[in-house]
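Observations on chain architecture
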Amino acid sequence: MSEFVVALSLLTACCFGLQALVVARGLDRAGDLDAPAFAAALVSVVVSLVAFWLLVAARGIPLPADPARLLPFVAAGVLYPAAFRLLYYAGIDRVGAAVSSAVVTANPVVAVALAVVVLGAPLPVSDAVGLIAVVGGGVLLQFARQSAGSGTSDPVLAALDDAGPRAFAYPVGAALAVGVGYVLVDWGLAGLPRPALGTAITQTTALVVFAGAAAVSPARRGSARAVWARPAALVPFVAAGALVAAAWLGQFTALRTGDVVVVLPLVYTYPLLVVGATYAAARTVPRSPRLLAAVVGIVGGVAATQVA
């Protein structure tokens, strides 16, 4: 096992984890913005879009002769990153970065479920174990929320206590969006094996989607305009976009030089980093074994689906 691949995979996980934390900080500082999650998603997409198009230009990656090869990436961009980032950031706003990142991490099981249900693919034992662990983790999260109680000093439980059951729909929706989006990206890469270009196309599609959403919604349009004049929120959202771009570059590089069964399980440990950073910032320790078991179960279940 290459030490470089392991280090790069863990660095990628840190970037994904830091993204969730800085978005949470920006949302806390957004003040009276009408649609803070939309503003966060828009700014982060603009930053990551610029980063990837600069990468494409620097490497001299040409556009394909057949534009139809870009269509899977255009379709994917509607779901991931557009719908994903909006739902993910809304989930961070409602249930906290730790829980939202844990739920979103379960996205690989969506691809597994689609392959089994739609394509009739066989279900390996490791995937079955992973699915059970992820579902069990989700159930434990609900039990942890119900047992939180008001006035708890646990920062993660406090976020869960403030959120109703419907709040979980945001990170769950984000996980579904990225899971289906990954299937479309894999399809696109089969005909156009240029990950940087494909990612740049998805980011561009997301920006078009956000522009359309702002055009039809006064609240989103006002939030999109106002956030650029609020450095306290803008800086974390810009940092989130840069961290996403860095994470994707790190993951691409690690997958090119290392084995997928090593890289992806390490990358998907980032919810553990978010949980640890959340408790460290609050200078306290976890107070719910159910909560910890839920996060570990989800992360471990996702890792199991990646080693088949």
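Relevant structure appears above.
For every chain, the first residue of its written sequence is number 1, and the numbers climb from 1 along that sequence. This being a predicted model, a pLDDT of at least 70 is required before a residue's local features are given, and a value of 80 or more before pairs of side-chain atoms are given or counted; all residues contribute to the totals for chains, interfaces and linings. Just so you know, side-chain values use all the structure's heavy atoms and leave hydrogens and water out.

1. Topic: the overall build of the protein
A count of helices and strands for the protein gives 14 helices and 0 strands. Runs of E in the DSSP output that reach at least two residues are strands. Runs of H or I that reach at least four are helices, and both are numbered from the N terminus. Starting at the N terminus and ending at the C terminus, the protein contains elements arranged as α-α-α-α-α-α-α-α-α-α-α-α-α-α. Taken along the three principal axes of its C-alpha coordinates, the protein extends 60 × 50 × 40 Å. Think of it in three bands: with a 1.4 Å probe and only protein chains considered, a residue is buried below 20% of the maximum accessible area for its type, exposed above 50%, and partly exposed in between. In the protein, which comprises 308 residues, the share counted as buried stands at 48%. To measure how exposed things are, a 1.4 Å probe is used in the Shrake-Rupley method; for residues, cover is taken only from the protein chains shown. When the accessible area of the protein is evaluated, it comes to approximately 13,500 Å², of which 69% is carbon and sulfur surface. Charge assignment in this entry is limited to Lys and Arg as positive and Asp and Glu as negative, and neither His nor the chain termini are counted. Taken as the charge centre is NZ of Lys, CZ of Arg, CG of Asp or CD of Glu, depending on the residue. Distance between charge centroids for the protein: 6 Å, based on 17 positive and 12 negative side chains.

2. A word on helix H2 (residues 36-59)
Over its 24 residues, H2 runs 35 Å from end to end, which matches the ideal 34 Å to within 8%, given 1.5 Å per residue. Positive phi appears at glycine 60, one or two residues downstream of H2, with a value of about 65 degrees. Expected helix span is taken as 1.5 Å per residue step, with the number of steps being one fewer than the number of residues.

3. Things to note about the packing of helix H4 (residues 97-104) against helix H8 (residues 169-191)
Each pair of packed helices can be described by the angle between their axes along with the distance between the axes. Angles shown run from 0 to 180 degrees and are taken between the N-to-C directions of axes, each axis being a line fitted to C-alpha atoms and, for helices, limited to the stretch in contact. The interhelical angle for the contact between H4 and H8, taken along N-to-C directions, is 35 degrees, at an axis separation of 8 Å. In the packing of H4 onto H8, the handedness of the crossing is right-handed. Facing Ser100, Val103 and Val104 of H4, the residues of H8 in contact are Pro171, Val172, Ala174 and Ala175. Looking at side-chain class alone, the contact of H4 with H8 contains 6 nonpolar, 1 polar and no charged residues. Two helices cross in a left-handed way if the nearer one is turned anticlockwise from the farther one by less than a right angle. They cross in a right-handed way if the turn is clockwise. We call two residues in contact when some of their heavy atoms are within 4.5 Å. Note on residue categories: nonpolar means Ala, Val, Leu, Ile, Met, Phe, Trp, Tyr, Cys or Pro, charged means Asp, Glu, Lys or Arg, and polar means any other residue, Gly included.

4. Some thoughts on the layout of surface pockets
Here the largest pocket is characterised by a volume of approximately 690 Å³. Cavities and pockets were defined on a 1 Å grid built from protein atoms only: a cavity is a group of points that admits a 1.4 Å probe but offers it no way out, a pocket is an open group of points flanked by protein on both sides within 12 Å along at least five of seven lines, and a lining residue is one with an atom within 4 Å of any such point. Together, 30 residues line the largest pocket, and Tyr182, Val183, Val185, Asp186 and Leu264 are the ones closest to its centre. Of all the secondary-structure elements, those providing two or more residues to the lining of the largest pocket are helix H3 (71-95), helix H5 (108-117), H8, helix H9 (195-216), helix H11 (231-257) and helix H12 (260-267). Tallied by class, residues from the lining of the largest pocket come to 20 nonpolar, 7 polar and 3 charged. Grid points are joined across faces, edges and corners, and a volume is the space filled by probe spheres set on the points.

5. Points about the packing of aromatic side chains
In this analysis, rings of Phe, Tyr and Trp, with Trp reduced to its six-membered ring, are considered paired at centre separations within 6.5 Å, and the interplanar angle assigns stacked below 30 degrees, edge-to-face beyond 60, and tilted for intermediate values. Counted by the stated rule, this structure contains 9 aromatic pairs. Consider the rings of tyrosine 80 and phenylalanine 84, whose centres lie 5.0 Å apart with planes at 70 degrees: the pair is edge-to-face. Separated by 4 residues within a single helix, tyrosine 80 and phenylalanine 84 lie in helix H3, roughly one turn from each other. Residue class for phenylalanine 84 comes out buried when judged on its relative accessible area of 8%. Taken together, the aromatic side chains of Tyr80, Phe84, Tyr88, Tyr89, Tyr182, Trp248 and Phe252 make up a single cluster linked through ring pairs.

6. Looking at empty space enclosed by the protein
Picture a little ball the size of a water molecule; that probe, rolled over the atoms, points out where space is still empty. On inspection of all chains with the given rule, the structure shows 1 cavity of 30 Å³ or more. Its volume calculated, the largest cavity comes out at about 170 Å³. In terms of lining residues, the largest cavity is bounded by 16 residues, among which Phe16, Tyr80, Phe84, Tyr182 and Tyr270 are the most central. Mapped by element, the contributors of at least two residues to the lining of the largest cavity are helix H1 (3-28), H3, H8 and H11. The biggest single contributor to the lining of the largest cavity is H3, with 4 residues. Residues of the lining of the largest cavity, tallied by class, amount to 12 nonpolar, 3 polar and 1 charged.

7. Things to note about the nonpolar core
Remark: nonpolar core denotes a set of buried residues (Ala, Val, Leu, Ile, Met, Phe, Trp, Tyr, Cys) joined through side-chain atoms within 4.5 Å. Counting 92 residues, the largest nonpolar core has Tyr88, Tyr89, Ile92, Val99 and Leu291 as the members making the most contacts within it. Sequence-distant contacts of leucine 291, that is, excluding residues within four places in its chain, are made with Val99, Leu141, Ala144, Asp154, Val156, Leu157, Leu160 and Tyr279.

8. Side note on unusual backbone geometry
Even without being glycine, arginine 283 reaches a positive phi, approximately 55 degrees. Tracing the backbone through its elements, the reader meets arginine 283 in the loop between helix H13 (270-282) and helix H14 (289-305).

9. Description of H3
Spanning 25 residues, H3 covers 34 Å between terminal C-alpha atoms, matching the ideal 36 Å at 1.5 Å per step. Consider a residue and the seven residues that end there alongside the seven that start there; fitting an axis to each set, the bend is the angle between those axes. Helix geometry: H3 is bent most strongly at glycine 77, by close to 40 degrees, with proline proline 81 lying one to four residues after it. Following H3 by one or two positions, glycine 96 adopts a phi angle in the positive range, close to 95 degrees.

10. Structural notes on the side chain of threonine 105
With respect to the helices, strands and loops of the structure, threonine 105 is situated in the loop between H4 and H5. The exposure class assigned to threonine 105 is buried, which follows from its relative accessible area of 0%. Look past the residues within four positions of threonine 105 in its chain and what remains in contact with it is Tyr268, Tyr270, Pro271 and Val302.

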